[in-house]
Amino acid sequence: MKMTIHSLIKSGAVLCTVFMLILFTAGKSFSADPNTFNRLLAPASERNPPPPTDGIHDANGPGAAALQTPKTAFHDLPKSKSGNYIDWVKALDEKKISPRYDRLDPNAVPVVMDLNIVREVKGSMPNVVYPHKQHTEWLDCSNCHPAIFIPQKGANDISMAAILLGEKCGVCHGKVAFPVSECRRCHSQKKEKGSTKVKQQK
Amino acid sequence: MNKYLVRQGSISVLLCMALLLSLPVVSAKNDDRESAVFNKLKFFSWLVNDSPTMNRVLKSDDSEAIKQLENSRHLLQQAQSQYDEGEFLLAEENIATGIKEMSRVSRKIKDVDRVEKARRKLFQELKQHVQTFADVFERVAKEKNDKQIDAMLDHEKLQKTLDDADALYREGQLALANHTMKQAADIVEKAISNARHKDVLIHELSFDSLEDEYDYEKKRNESYVLLISLLQEKQTVSDASRQYVNKIVAANKGVVAEAELHAADGDNETAIRILEKGTDKLSRALRMAGAPF
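All values derive from a computational prediction rather than experimental measurement.

S.K.: Just to check I follow, could you spell out the overall build of chain B for this structure?
M.R.: Per the secondary structure count, chain B includes eleven helices and two strands. Shown N-terminal to C-terminal, the secondary structure of chain B runs as helices and strands in the order α-α-α-α-α-α-α-α-β-β-α-α-α. Since a compact globule built from 293 residues should have a radius of gyration of about 19 Å, the 34 Å found for chain B marks it as more spread out than a globular shape. Structurally, chain B occupies a C-alpha span of about 95 × 75 × 40 Å along its principal axes. Here chain B holds 293 residues, and 37% of them are scored as buried. Across chain B, contacts joining residues at least 24 apart in sequence account for 72% of those joining residues at least 6 apart. Carbon and sulfur atoms make up 53% of the accessible area of chain B, which totals about 18000 Å².

S.K.: Hey, could you run me through the pattern of salt bridges in this one?
M.R.: Opposite charge on two side chains permits pairing when their charged atoms draw close. All chains considered together, the criterion is met by 26 salt bridges over all chains. Among the ionic pairs, Lys144(B) bridges to Asp199(B), the shortest N-O distance being 2.6 Å. Of this pair, Lys144(B) sits in helix H5 (residues 112-144) while Asp199(B) sits in strand S1 (residues 199-203), and the two are 55 residues apart along the sequence. The exposure class assigned to Asp199(B) is buried, which follows from its relative accessible area of 17%. Between Lys218(B) and Glu260(B) there is a salt bridge; the shortest N-O distance is 3.5 Å. Of this pair, Lys218(B) sits in helix H9 (residues 210-234) while Glu260(B) sits in helix H10 (residues 239-264), placing them 42 residues apart in sequence. The network of salt bridges with shared partners includes Lys122(A), Glu213(B), Glu217(B), Arg220(B), Arg273(B) and Glu276(B).

S.K.: For this particular structure, what's the right way to read the sheet that holds S1(B)?
M.R.: On the basis of which strands lie adjacent, the open sheet formed by four strands has the order S3(A)-S2(A)-S1(A)-S1(B) and mixed pairing. Each edge of the open sheet is held by one strand with a lone partner, namely strand S3 (187-189) of chain A together with S1 of chain B. Mean inter-strand twist for the sheet, computed between neighbouring axes without regard to direction, equals 40 degrees.

S.K.: Which parts of the structure should I look at to understand H5(B)?
M.R.: With 33 residues, H5(B) extends 48 Å from end C-alpha to end C-alpha; this agrees with the ideal 48 Å at 1.5 Å per step. When H5(B) is considered as a whole, its buried residues turn out to be Phe123(B), Leu126(B), His129(B), Val130(B), Thr132(B), Phe133(B), Ala134(B), Val136(B), Phe137(B), Val140(B) and Ala141(B). Buried residues along H5(B) sit in contact with helix H5 (141-144) of chain A together with helix H6 (147-150), helix H7 (155-171) and helix H8 (174-195) of chain B. Asn145(B), located one to two residues past H5(B), shows a positive phi value of around 50 degrees.

S.K.: Which parts of the structure should I look at to understand the pairing of strand S2 (residues 127-131) of chain A?
M.R.: For a regular strand, side-chain orientation follows a simple rule: the groups alternate between the two sheet faces. Bridge count between strand S1 (residues 115-119) of chain A and S2(A): four bridges; the pairing is antiparallel. Bridge pairing in S2(A) links Val118(A) to Val129(A).

S.K.: Even after reading the chapter, I still don't get unusual backbone geometry, so can you show me in this structure?
M.R.: Leaving glycine out, the prevailing phi sign among residues is negative, and the prevailing peptide bond configuration is trans. Each neighbour pair has its own omega, and for His145(A) with Pro146(A) the value is -5 degrees, a cis peptide bond. Checked against the element boundaries, Pro146(A) lands in the loop between H5 and helix H6 (160-164). Its identity is not glycine, yet Lys198(B) carries a phi of approximately 65 degrees, on the positive side.

S.K.: Any chance you could explain the packing of H5(B) against H7(B) here in plain terms?
M.R.: Angle between the axes and distance between the axes are the two parameters that describe a pair of packed helices. Residues and elements named next belong to chain B. For the pair H5 and H7, the least separation of the axes is 12 Å and the interaxial angle reads 165 degrees. Comparing their axes, H7 and H5 come out roughly antiparallel. Between H5 and H7 lies a crossing of left-handed hand. Taken together, the residues of H7 that come into contact with H5 (itself represented by Arg120, Phe123, Gln124, Lys127, Val130 and Glu138) are His155, Leu158, Leu162, Ala165, Asp166 and Tyr169. Considered class by class, the residues forming the contact of H5 with H7 number six nonpolar, two polar and four charged.

S.K.: Looking at this structure, I do not really get the domain arrangement of chain B. What am I missing?
M.R.: Frequently, the measure chosen for interface size is the accessible area removed from exposure when the parts meet. Examined at the domain level, chain B breaks down into domain 1 (26-114) and domain 2 (206-293). A straight line from the C-alpha centre of domain 1 of chain B to that of domain 2 of chain B covers 55 Å.

S.K.: Got a minute to help me understand the environment of Lys81(A) in this structure?
M.R.: Tracing the chain through its elements places Lys81(A) in the loop between helix H2 (70-73) and helix H3 (88-93). The spatial distance from the C-alpha of Lys81(A) to the C-alpha of Pro179(A) is 9.8 Å, given a sequence separation of 98 residues.

S.K.: Looking at this structure, how should I read the pairing of S1(B)?
M.R.: On S1(B), burial follows the alternation: Asp199(B), Leu201(B) and His203(B) on one face are buried, whereas Val200(B) and Ile202(B) on the facing-out side are not. Across five bridges, S1(A) lies against S1(B) in parallel orientation. Pairing of Ile117(A) across the sheet is with Leu201(B), part of S1(B).

S.K.: Before we go on, may I ask you to explain the packing of aromatic side chains in this structure?
M.R.: Note on aromatic pairs: each is described by the distance of the centres and the angle between the planes. With the rule as written, the count across this model stands at six aromatic pairs over all chains. Centroid distance Phe38(B) to Tyr83(B): 6.2 Å. Interplanar angle 40 degrees. Geometry classified as tilted. Here the residue Phe38(B) occupies a position in helix H1 (residues 2-49), and Tyr83(B) occupies one in helix H3 (residues 63-84), the gap between them amounting to 45 residues. What makes Tyr83(B) buried here is its relative accessible area of 15%. An aromatic cluster is built from Phe38(B), Tyr83(B) and Phe88(B), whose rings are joined through pairwise contacts. One Lys or Arg, Arg47(A), reaches over the ring of Tyr85(A) and ends 3.8 Å from the middle of that ring.

S.K.: Is there a simple way to explain helix H2 (residues 52-59) of chain B in this structure?
M.R.: Because an α-helix packs 3.6 residues into every turn, residues spaced three or four apart end up facing the same way. Every buried residue of H2(B) is accounted for by Thr53(B), Met54(B), Arg56(B) and Val57(B). Each buried residue of H2(B) lies within a common arc of 160 degrees when the element is viewed along its axis, so the set occupies one face.

Conventions adopted
- Residues numbered from 1 in each chain as written.
- Chains lettered and ligands numbered in written order.
- Predicted model: local features only at pLDDT ≥ 70, side-chain atom pairs only at ≥ 80, totals over all residues.
- Heavy atoms only, no water.
- Helix = DSSP H or I, 4+ residues; strand = E, 2+ residues; numbered from the N terminus.
- Rg over C-alpha atoms; globule rule 2.2 N^0.38 Å.
- Buried < 20%, exposed > 50% of the residue type's maximum accessible area, 1.4 Å probe, protein only.
- Contact = heavy atoms within 4.5 Å.
- Areas by Shrake-Rupley, 256 points an atom, 1.4 Å probe, with all protein chains shown as cover.
- Salt bridge = Lys/Arg side-chain N within 4 Å of Asp/Glu carboxyl O.
- Pairing = 2+ DSSP bridges.
- Axes fitted to C-alpha atoms, helices over the stretch in contact; angles between N-to-C directions.
- Expected span 1.5 Å × (residues − 1).
- Parallel < 35°, antiparallel > 145°, perpendicular 65-115°, else oblique.
- Left-handed = near helix turned anticlockwise from the far one by under 90°.
- Nonpolar A, V, L, I, M, F, W, Y, C, P; charged D, E, K, R; others polar.
- Domains from an automatic or database assignment.
- Phe/Tyr/Trp six-rings, centres within 6.5 Å; stacked < 30°, edge-to-face > 60°.
- Lys NZ or Arg CZ within 6 Å of the ring centre and 35° of its normal.
- Arc of directions from axis to C-beta.

The structure is reproduced here in structure tokens:
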């Protein structure tokens, strides 16, 4: 009787171990369903998976296995906290990448404009500094002007609500550029003491 | 005997469980494959029966291209039968071959009309762009009132480039016309970039009227509520923090309603003060929700 119970317990333990093993190996650690919200927000160890398993490329396509894996390509690039976790602006500044600016002309250089626009905001939030330089290193003027931003002082009504709804800065930020949850990246100019109120009214 | 029976029994149960548990995984993988092949078949069928490429090929006089289209249709039929019989790998191979064939055909019989239309549209957009930026430069030059700034834009060179682009467009050399117009765009963009080099433009916070300021305050309040809901989705915070945040957001609705009443009565100043206080509380909630500021 004693021996039978002992064997039963041992068998039960083995069963449980096998069951757990099968459970862990049977499923993926993040959802493969393309319609799941935040499908790509995987834990750090599973970010930037190789093309055959990233849920985007056709795993059976002949080119998928030939593509360089993101982890290999991104290994030496400076890191960031969102998106594909690479700080691409810094990578360009540090000359770790040298993207081609023109499809047909390999020697083309971008027209970079070094102009900062400071937008004062109410309350204790630091003012917004918009740097043309970092944007024009990646984009052409026509990408934003005049369709998204009219190139004239006072002509653009920008608010966080508009940005969150995908207008103005939100056309890119939150989609292909860093999200608006990183406040300090834009709200970077500290206010002087006593300047939180509106300066004047006409 | 009992020991033997128990051991045998456990092994059998183990094997049965392993079999049962692996079945859903295997059938799930098969479902994925079937679904993928079905979608590819659907696309391939559209490509050879309904697509603009198919129409272009049939309208063309190119017998070789028409033969390639017929080959692709034959491959589609084969893939369809293989799919119906459950031979997904073979179906996929035929679909891949067929799509490659159609790609070759599509490159051979170019969609000339679409390309011309796109080039004409691009030309007009570039021309408008050059005009807008030329106006911007004039504004900057007037604002700075400096002859050196004026000289940054070579007006003669710009006009000549524009004229050349227009001439090429009229002659129908659209690709070259667009290339020339891009050069004109570069001229004016470089001029603005030089004129504004290292400038800092400040948009001061000032309002023409109390109504404007109230509108601004309303948008600011709304923004904070939207930001809080965004952060609550992205950040992990304690239940207590979450409850506090939700309480503030709920109370904010009353604040906004009160402000609206004052604004409706024409007392925008009071409405602004009420909203400012409400937004201050929301900024606390924003920090509790995980905003890093």
